[in-house]
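Per-entry structural report
So you can see what is in the structure, the chains are spelled out below.
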Amino acid sequence: MKILVTGGTGYIGSHTVVELQQSGYEVIIVDNLSNSYKSVVDNIERISGIRPVFEKFDLTDQKKTLDFFQKYSNIKGVIHFAAFKAVGESVQFPLKYYHNNLQSLVNLLNGMEQSKVANIVFSSSCTVYGQPDELPVTEQAPIKKAWSPYGHTKQISEVIIENTSKVNSTKAILLRYFNPIGAHESSLIGELPLGVPNNLVPFITQTAIGIRKELSVFGNDYNTHDGTAIRDYIHVVDLAKAHVIAIDRMINTENKKKIEIFNLGTGNGFSVLDVINSFEKVSGQKLNYNIVDRRPGDVEKVWADTRFANEVLGWKAEKTLDNMMLSAWNWELALKNK
Ligand code: UFG
């Protein structure tokens, strides 16, 4: 059974391709390599023993997208990761984000309609909730005004998919990720941030290995146990496994509604200092860090109510924070030796 994975050479995409292959799916990757490398395809093959089909093109190109769907028949489902994801960059270049993230989705949905592909799993984000009024946050929490154009593209994308499903056969599972971190246990795939990382964990590992001088901890005056902001960090392989379950669910027509929405987190909130402590413990490295002002746009605390995903998908994140930090560190060490 063929599954199209857009953004399949990216961070979450590559881990999902491996899990799909290991569950018996045939994977076709589409990626424009704007934020990833062709060599990821080789590393996927090293892990699974199966080389996924790889097509390099940009999904904002309508003709190429429609031609792709002509070329490959019998695609059973699509998992759509391909998107820009840097929050700060999106504030600087909003049109770049709206164009890329929304045009590609529209083209994809058109291609799916043309080829009668009904099932799509969409990468959404807990950013759609902003700072929720109640924690843990459930899927019913109100969608707050987006803090960034990036977050806004996720909100609009959810609505585009919902509205499309009202008029054609589209069925979708929208997965709202909390904070994915860590890497595959093989250390053959992981997160490859270009330039200076925006996210906490790659910044930690790059600081420990000497690429960065010091980590800035953004704020220690939040209303949390140690004053630093709290997030729900989830291992990328746990996250990837949920995608396989979601696509299985739609292919087996087990979904109860045309659109289903699930939070993907662990349900546990950890502060920035908790993450640093875990890193120091598992790596044996002392991290050079300094407390600085809050980062504009950051929410204070957010973690998931995962009961819906646990009960309905029969899925639960298994990896601990220490597991996540060790795999992130092993990945950084593997990158150094490349
Ligand atoms: N942080 C630091 N120093 C850094 C980087 C991050 O202290 O150098 C802190 C942040 O202030 C925040 C926490 O670490 O408190 C996590 O920050 P990340 O940048 O790793 O993650 P965010 O929670 O800001 O963003 C992530 C994803 C987004 C998504 C968002 C939803 O990167 O794509 O979650 O909340 F939209």
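At a closest axis distance of 8 Å, the pairing of helix H1 (residues 11-22) and helix H8 (residues 236-251) adopts a crossing angle of 60 degrees. The pairing of H1 with H8 is recorded here as oblique in orientation. As H1 packs across H8, the resulting crossing turns out to be right-handed. In this structure, H1 uses Tyr11, Ile12, His15, Thr16, Glu19 and Leu20 to contact H8, whose residues at the interface are Val236, Val237, Leu239, Ala240, Lys241, His243, Val244 and Ile247. For the contact of H1 with H8, the residue count by class is nine nonpolar, three polar and two charged.

With domains assigned, the protein is organised as domain 1 (2-181 + 233-264) and domain 2 (200-231 + 267-302 + 318-336). Measuring from the centre of the C-alpha atoms in domain 1 to the corresponding centre in domain 2 gives 26 Å. Across the domain 1/domain 2 interface, buried area totals approximately 1,400 Å², and carbon plus sulfur atoms make up 67% of it. Between domain 1 and domain 2 we count zero salt bridges in total. When contributions to the side of domain 1 that touches domain 2 are tallied by element, the ones reaching two or more residues are strand E7 (179-181) and strand E10 (233-235). If one sorts the elements of the side of domain 1 that touches domain 2 by residue count, E10 sits on top with three residues.

Bringing the environment of Val282 into the picture now. Looking at where Val282 falls in the secondary structure, it is placed in helix H9 (residues 272-283). A residue is classified by how much of its surface remains accessible, and Val282, at 24% relative accessible area, is partly exposed. Expressed as a C-alpha distance, the spacing of Val282 and Trp147, which sit 135 residues apart in the sequence, is 34 Å. Those residues in contact with Val282 that lie beyond four places of it in its chain are Asp322, Met325 and Leu326.

Surrounding the ligand, one finds 19 residues, the nearest of these being Asn199, Ser216, Arg231, Arg295 and Asp298. In the model, an oxygen atom of the ligand is placed 2.9 Å from a nitrogen or oxygen of the Asn179 side chain. Starting from 680 Å² of accessible surface for the ligand in isolation, the protein chains cover 90%. In terms of residues, the shell around the ligand owes the most to one element, strand E8 (residues 215-218), which gives four residues. A per-class count over the shell around the ligand returns nine nonpolar, six polar and four charged. Looking at which domains feed residues into the shell around the ligand, each of domain 1 (2-181 + 233-264) and domain 2 (200-231 + 267-302 + 318-336) gives three or more.

At a minimum axis distance of 10 Å, the contact between helix H5 (residues 94-115) and helix H6 (residues 149-167) shows a crossing angle of 20 degrees. Taken together, H5 and H6 sit at an angle that is classed as roughly parallel. Judged by the twist between their axes, the crossing of H5 over H6 is right-handed. Of the residues in H6, those touching H5 at Pro94, Tyr97, Tyr98, Asn101, Leu102, Leu105, Val106 and Leu109 are Pro149, Tyr150, His152, Thr153, Ile156, Ser157, Ile160, Ile161 and Thr164.

In a beta sheet, neighbouring strands are held together by backbone hydrogen bonds and run either parallel or antiparallel to one another. Taken in spatial order, the seven strands line up as E3-E2-E1-E4-E5-E6-E11 in an open sheet, and their pairing is parallel. Bordering the open sheet on either side are strand E3 (53-55) and strand E11 (259-264), each of which pairs with just one other strand. Within this sheet the neighbouring strands show an average axis-to-axis angle of 20 degrees, counted without direction. Docked against the sheet, H6 engages strand E5 (119-125), strand E6 (171-177) and E11, running at close to 155 degrees with respect to E5.

Our next topic: the side chain of Thr164. One can find Thr164 in helix H6. The residues touching Thr164, leaving out its near neighbours within four places in the chain, are Leu109 and Thr170.

Taken as a whole and judged by the stated rule, the model has six aromatic pairs. Geometrically, the ring pair formed by Phe57 and Phe68 is tilted, given 5.8 Å between the ring centres and 40 degrees between the ring planes. One end of the pair, Phe57, is in the loop between E3 and helix H3 (62-71); the other, Phe68, is in helix H3, with 11 residues separating them in the sequence. As far as the burial class goes, Phe57 and Phe68 line up, both buried. Summarising the aromatic geometry, the rings of Phe68 and Phe69 are spaced 5.3 Å apart at their centres and angled 90 degrees between planes, so their arrangement reads as edge-to-face.

Turning next to helix H11 (residues 321-336). Residues lying three or four places apart along an α-helix face the same way, a consequence of the helix completing one turn every 3.6 residues. Taking 1.5 Å of rise per residue, 16 residues should cover 22 Å, and H11 covers 23 Å from first to last C-alpha, within 8% of that figure. Residues of H11 that are buried: Leu321, Met324, Met325, Ser327, Ala328, Trp329, Trp331 and Glu332.

As a further point, take unusual backbone geometry. The omega angle of the peptide bond from Leu135 to Pro136 is -5 degrees, so this bond is cis rather than trans. When you line up the elements, Pro136 lands in the loop between E5 and H6. With a phi angle near 55 degrees, Ser187 is a residue other than glycine that sits in the positive phi range. Mapped onto the elements, Ser187 comes out in the loop between E7 and helix H7 (200-209). The class of Ser187 is buried, set by a relative accessible area of 13%.

Reading the values: rules and limits
- Residues numbered from 1 in each chain as written.
- Predicted model: local features only at pLDDT ≥ 70, side-chain atom pairs only at ≥ 80, totals over all residues.
- Heavy atoms only, no water.
- Axes fitted to C-alpha atoms, helices over the stretch in contact; angles between N-to-C directions.
- Helix = DSSP H or I, 4+ residues; strand = E, 2+ residues; numbered from the N terminus.
- Parallel < 35°, antiparallel > 145°, perpendicular 65-115°, else oblique.
- Left-handed = near helix turned anticlockwise from the far one by under 90°.
- Contact = heavy atoms within 4.5 Å.
- Nonpolar A, V, L, I, M, F, W, Y, C, P; charged D, E, K, R; others polar.
- Domains from an automatic or database assignment.
- Buried area = accessible area lost by both parts, 1.4 Å probe.
- Salt bridge = Lys/Arg side-chain N within 4 Å of Asp/Glu carboxyl O.
- Buried < 20%, exposed > 50% of the residue type's maximum accessible area, 1.4 Å probe, protein only.
- Near = heavy atom within 4 Å.
- Polar contact = N/O pair within 3.5 Å; in protein donor to acceptor, adjacent residues only side chain to side chain.
- Areas by Shrake-Rupley, 256 points an atom, 1.4 Å probe, with all protein chains shown as cover.
- Pairing = 2+ DSSP bridges.
- Phe/Tyr/Trp six-rings, centres within 6.5 Å; stacked < 30°, edge-to-face > 60°.
- Expected span 1.5 Å × (residues − 1).

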